[in-house]
Amino acid sequence: MFSSDFPILSVITYLPLIGVLLILMIDKEKVGAIRIVALLTAAINFLFSLPLFFACDPSTAAFQFTEHVPWIPELGISYFFGIDGISMLMVILTTFLTPLAIWASFGSITEKVKGYMISFLILETGMLGVFVSLDLILFFVFWEAMLFPMYFIIGIWGGPRRIYATVKFVLFTMIGSALMLIAIIYLYYLNYQNTNIPTFNLELLQSSQFPIPINIQMWLFAAFALAFAIKVPMFPFHTWLPDAHVEAPTAGSVILAAVLLKMGAYGFLRFCLPLFPQAASEFTPLISILAIVGIIYGAMMAFVQKDVKSLVAYSSVSHLGFVMLGIFTFNIQGLQGGILQMINHGISTGGLFLIVGMLYERRHTRMIGDFGGLAKVVPVFSVMFMIITLSSIGLPGTNGFVGEFLILLGAFKSNMVYAVLAATGVVLAAVYMLWMFQRVIFGQVDKKENETLLDLNLREKLILIPLIALIFFIGIYPKPILSRMETSVKNLTAIVQQKFRVEEDNHKIRIISGTPMDKISLNEVGEQKNE
Amino acid sequence: MQIELSLLSPQLFLLLWAILVFVVDFFTAERNKASLAYLSIIGLVLTAIISISSKQGETFGGSFRADTFGLSFNIIFLGSAILTVASAVDYVKAHLKHQGEFYGLILLSTVGMMFLSASGDLLTLYVSLELATISLFVLAAYMKSDLKSTEAGLKYLILGAASSAILLYGISLLYGISGTLVLDAIALKLSQMPTVGPLFILSIVMIIAGLSFKLAAVPFHMWCPDVYEGAPTPVTAYLSVASKAAGLAALIRIFFKSLASTSMQWVPLLMAISAMAMILGNVVAVRQHNIKRLLAYSSIAQIGYILVGFIAVSELAVTSIILYVLAYMFANIGAFMVVIAFYNVSGSDDIMAYAGLSKRSPFLAISMVVFLLSLVGIPPMAGFIGKFYLFSAAIEKGYYWIVVLGVLTSVISLYYYMSIAYQMYFKTGDDDSPVRVSPTMAVALVVALAGTLLIGVYTQPVLSAISGASSAFF
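Since this is a predicted model, take the numbers as computed values, not measurements.

The rules behind each value
- Residues numbered from 1 in each chain as written.
- Chains lettered and ligands numbered in written order.
- Predicted model: local features only at pLDDT ≥ 70, side-chain atom pairs only at ≥ 80, totals over all residues.
- Heavy atoms only, no water.
- Patch = residues over 30% accessible without salt bridge, like charges linked within 9 Å, V, L, I, M, F, W, Y side chains within 5 Å.
- Areas by Shrake-Rupley, 256 points an atom, 1.4 Å probe, with all protein chains shown as cover.
- Salt bridge = Lys/Arg side-chain N within 4 Å of Asp/Glu carboxyl O.
- Helix = DSSP H or I, 4+ residues; strand = E, 2+ residues; numbered from the N terminus.
- Contact = heavy atoms within 4.5 Å.
- Buried area = accessible area lost by both parts, 1.4 Å probe.
- Nonpolar A, V, L, I, M, F, W, Y, C, P; charged D, E, K, R; others polar.
- Buried < 20%, exposed > 50% of the residue type's maximum accessible area, 1.4 Å probe, protein only.
- Arc of directions from axis to C-beta.
- Axes fitted to C-alpha atoms, helices over the stretch in contact; angles between N-to-C directions.
- Parallel < 35°, antiparallel > 145°, perpendicular 65-115°, else oblique.
- Left-handed = near helix turned anticlockwise from the far one by under 90°.

**Q** Just to check I follow, could you spell out a nonpolar patch on the surface for this structure?
**A** A surface patch of nonpolar side chains, amounting to about 520 Å² of accessible area, comprises Ile18(A), Leu21(A), Leu22(A), Leu24(A) and Met25(A). Secondary-structure assignment places Leu21(A) in helix α1 (residues 8–25).

Spelled out as C-alpha cells, the structure:
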C-alpha cells in the first residue's frame, strides 16, 4: 500500500505539528478557523494512519514501516521508528480518538482556544512518537515531551483544583521517568561493555548476545516498571489519577484515559518484558497481586463516589488492573485480552468521559444526586450512555466482554486464585456502574433544572456514534483486531519463554559450578510454550 | 624560546577592541551610547571568527595553549558575552550610568576568561582568573546609588579576594611539591612520586575551595544569591554562565591535566560538593520569591549536575561538560533575558508579578517555559542531551548513587521552575497591559531559543565540533 521508503510513521507523527504551524498563523480571535484547522489536521492524520491497519502484515512479528537514521552515532542513538501488530493498534487508537476529543472540545473550550488546540496537537505528536519509537532514547524524548502539553491542558482549562492536579500529575510522572532514564543509560553501558556494540536500539538490545544477570535485571526491571506503573497507574501509584481525571477538561480526560494510561501498559509490553524476561517472571506475583488489589480497590472506590467523573476515574484504576493482570499471565490469551482491553478501555472510558462532559455542559454539575429520570428528558443521550456503560461493564456482545473474558481465561490458566479474585471485579463493576446509571437516568425527574435539558445535538451524536459502532463491532467480531496482534503476541511470549530457557540452563550450570542463585520461579509460563 | 604571538590573536584582538570601546565612548554623545553595545557585539563576533580560524598550538614554553578545548570554552565565553550585551542595551540605557565602560568591562572580563581557558601553567591561570573576576567586581556594583548593588559588589569583592588568596595558597603549595608551575610538568612529577603527602592533599583542598567559590558550589555559595540579586540583571546573567564556565575551564585544566593520576584523592571531595550543591540549590530554590534569587539557587544546583559529569574524569566527561555548559548558556541567559525584558517594563523581579504574563506577552512566556524546561533537562530541549551526557559519563564509571540523586533533585527543580510557568499561565495579574519587547532583545531571545531547541534536536554538529576537546587531556 505504501512504497517501502515512504516515511509513513514520521508523517503521521509530525502531521499534527503542521497543524500547529497553521494555527499559529491564525489570529487568536478567529476561534472558528482555529477549531476547524485543528479538527481537520487530526482527522486527516486519522485517515493517513488508517491504511496501516490493513497494510500491517499480520503474519510477521518483525517491525514494519521502519525508518532508521543515525541521530547521535557516537552513542548509538538512532532515529528509529517502526510498528508491529501491537503498536499499530495503539497508533490507530490515538489518531482515532484525538479528532473526536478535539471535536468534543468545541462546546466546552471557549477561552484561549488557540493555545488549547496547539497543546492538543503537540500532545498527539508526543503520544504517537511514544508508540512508534524503537530507540530507547527516542522513546524517552517523546515520553517526556508529551508531559507538558498535558500539564497545560489540565492546568489552564481544567476544573477548580486543576493546579494541584496538574502539578501532582507531572511530578509523579517525572519521578518515575527519571529513574527509567538512569536504567536506560545503565543498560546501554552494560550491553556496550559486554558486547562492544554501542546501541540504544531496542531490537539490538533485545537480541543482544549478553544475557543480563538476574540481580541486575531485577533492578532494571524495577526502574522501568516504576515509570510505567505510575503511568498505568497501578495501585499504590494511582493517586494522581482521580485528581487529574476529575480536574482535566473533558477532552483531556478522554485522551488521558484512552491513550496516556495505555503508554504505561504499552511500556511493559514493549520494553519490560522483552528486555528483562526473567525479572518479569520474578515480579509476576507482586504485579499480579497489585493488579488485583487495583481491580478491587478501584471498584470499591468507584462505588462510593458522588461525582460521576471521579467514579469513571476510579473505574479506570480497576480496568487497568485487568490489563496488567492479563499482560502478566504471559500466555497468549491473557496478553491478547490485555491488549484488547487497552483498546476497549480507550473506547468505553473515553466514551464515558465524553458523556459526562456533555452532561456537565448542560447542567454544570456532575453530582449523581443532582440528576434522576433523565431517560424521559433526553432519550437519545440515555440510550448512548447505556450502551457505553454496558460496554464498560463488559456485557456480552460489547467489546468489554471479549477483553475481560480473554484476560480471565489467561489468568485462569496461569493462576486460578488470581482469576477468581479478579472476577469479583467484574461483578463489582456491574454494581457501581449500573447503580450510578440507575440514579442518573431512571426514576422520576425530581429536579426542576433537569426538565428542560436539551438532547444531544448533531455534533455530539456524530462524536459518539463511531465509538458505539466500535463497541459492537469489537464485541461481535473481534477477529480482525485479535488476528493483527496475534503474531506479535506469540513472538512476545516466545521471547519471554526462550530467554527463560537460556536462563534456566545458566541457572543449572551455575548451581553445578557451585554458585547458587536465587530460585527461579517459572510460574506456569513454561507450560504455555506449546500452545 | 620561540614565541608565536599569532596564537594569541583572538585574545589580543578582543583586548584591543575593548580599548577601542573605551576610546569611542569618549567621543559618543550620551543619547548615542547604545551604539557602543553594537560595537561590542561586532568585536565579539569578530573575535569568535578569529578564534575559530586561527591555528592551534602552544607557546611561551607551554604556558599558553590554543587547542580545541580552549576554543570550545572561548566560544561559550564569547556567546555569553554577545547574548548578555544584546540583552543589556535597554536595561543599561534606563538604569545605569557610564554605559560605555559597562560594555568595555564585559569585554575585558571575556578577555580574561579567554586567557584562562588557554592557560598551560598555574600562574597564567591565576592571573587571567583575576583579570576576569576584577572586571566583574566592578560590574556587580555598577548601580552605585543602589544599596543592594553596592552590597553585592562589596560582598563579591571581599569573598572573591579571600577565595583568590586561598587558591593562590593552594597553587603555591602545589608548586612547592612539584617544583614547577607548568601543568604538564606537574602531571609528570606527580606520576613519579610514590605516594602523596598531607601537604598535597592540603593544596588540592585549597585549589578546590578557591575554584568552588567561582563556581558558586556548596559550601562556597553564600555570596551567590545576594550578589545575583543585587547586581544589575545583565551582569547576573553573565556571572551565572561565563564566570562559572571559566571556573570549570580552570578546574578541568588543572585536575584533568595535572592531577588526573591522583583522581582517587579528590574525586570523593568533588562528589560531595556536587551532591551538596544539587540538594541545597534545588531545595532552597523552592522557597524563593524573587526570580533572580531563584535562578541563583538553580545555578548552584546546575553546578552540582555539571560536577556529576566532572567526577567521571574521562573523555566523555570533557565532552559532556562542554555540551552541557553550551546548553546551559542558551537556557540560563535566555531565562535572564526574559527577566530583563520583563523588568524593563514592570520594574519588578518578584515572581508573583509574572502573573498573567502569557496574556501580556505570549512570546516572553513561551520563551521562558522553553528555557526553564531546558534547565530541568526535558527533551527535546538542549538541556536534556546535556544532562544525558553528564549522567552517562558518571554511569560509565560506575557512580550510580550520585546520578540517582541528580535525577531526583531534577524533579524538585521541575517543581520550582514550573511555579514560574504557573504564575505566567495559570494566574491572572492586575495589570493587563502588553509587555513590549525591543527588537534587539527579540533577536537575542530568538537566538537563545534556536540554540536551545537546535542543540537538543540536532546535536551531531556540536558534538563533532567539540570532539577534539578531550584530546588535550586523554
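**Q** Sorry if this is basic, but what is going on with the interface of chain B and chain A here?
**A** Size of an interface, as often reported, equals the accessible area lost when the parts are brought together. Counting residues at the interface gives 33 residues for chain B and 34 residues for chain A. For the pair chain B and chain A, the two sides together bury roughly 3,000 Å², of which 81% comes from carbon and sulfur. For the side of chain B that touches chain A, the secondary structure elements donating two or more residues are α15 (362–376), α16 (382–396), α17 (400–426), α18 (439–457) and α19 (460–466) of chain B. Counting residues per element, the side of chain B that touches chain A draws most heavily on α17(B), at 12 residues. Partitioned by chemical class, the residues of the side of chain B that touches chain A number 27 nonpolar, 4 polar and 2 charged.

**Q** Is there a simple way to think about helix α7 (residues 183–192) of chain B in this case?
**A** Along an α-helix, residues three or four positions apart point the same way, because every turn accommodates 3.6 residues. Residue and element names in this part refer to chain B. Residues of α7 that are buried: Leu183, Ile186, Ala187 and Leu190. Here the buried residues of α7 occupy an arc of 100 degrees about the axis, which is enough to place them on one side. Seen from the open side of α7, the exposed residues pointing more than 90 degrees away from its buried face are Leu188 and Gln192.

**Q** Could you clarify how one ought to interpret the packing of helix α9 (residues 214–231) of chain A against helix α11 (residues 250–275) of chain A in this entry?
**A** The description of two helices packed together rests on the angle between their axes and the distance between the axes. All names here are of chain A. Contact geometry of α9 with α11 gives a least axis separation of 7 Å together with a crossing angle of 160 degrees. Classified by the angle their axes make, α9 and α11 are roughly antiparallel. For α9 against α11, the interelement crossing comes out left-handed. Counting all contacts with α9, which are made through Phe221, Phe224, Ala225, Phe228, Ala229 and Lys231, the residues of α11 involved are Leu260, Leu261, Met263, Gly264, Gly267, Phe268, Phe271 and Cys272. In the contact of α9 with α11, the residues fall into 11 nonpolar, 2 polar and 1 charged.

**Q** Please clarify how the pattern of salt bridges should be interpreted in this entry.
**A** Side chains that differ in sign of charge can pair as their charged atoms come close. One pass over the full model with this rule turns up 19 salt bridges over all chains. For the salt bridge of Lys490(A) with Glu486(A), the shortest nitrogen-to-oxygen distance reads 3.3 Å. Residue Lys490(A) and its partner Glu486(A) are both found in helix α20 (residues 479–512); the two are separated by 4 residues, about one turn of the helix. The class of Lys490(A) is partly exposed, set by a relative accessible area of 38%. The partner of Lys155(B) in a salt bridge is Glu151(B), and the shortest N-O contact between them spans 3.1 Å. Placement of both Lys155(B) and Glu151(B) in helix α6 (residues 147–178) is noted, with a separation of 4 residues, approximately one turn of the helix. Classification of Lys155(B) as partly exposed rests on a relative accessible area of 29%. A relative accessible area of 41% places Glu151(B) in the partly exposed class.

Function cannot be inferred from these measures alone, as they are strictly geometric.
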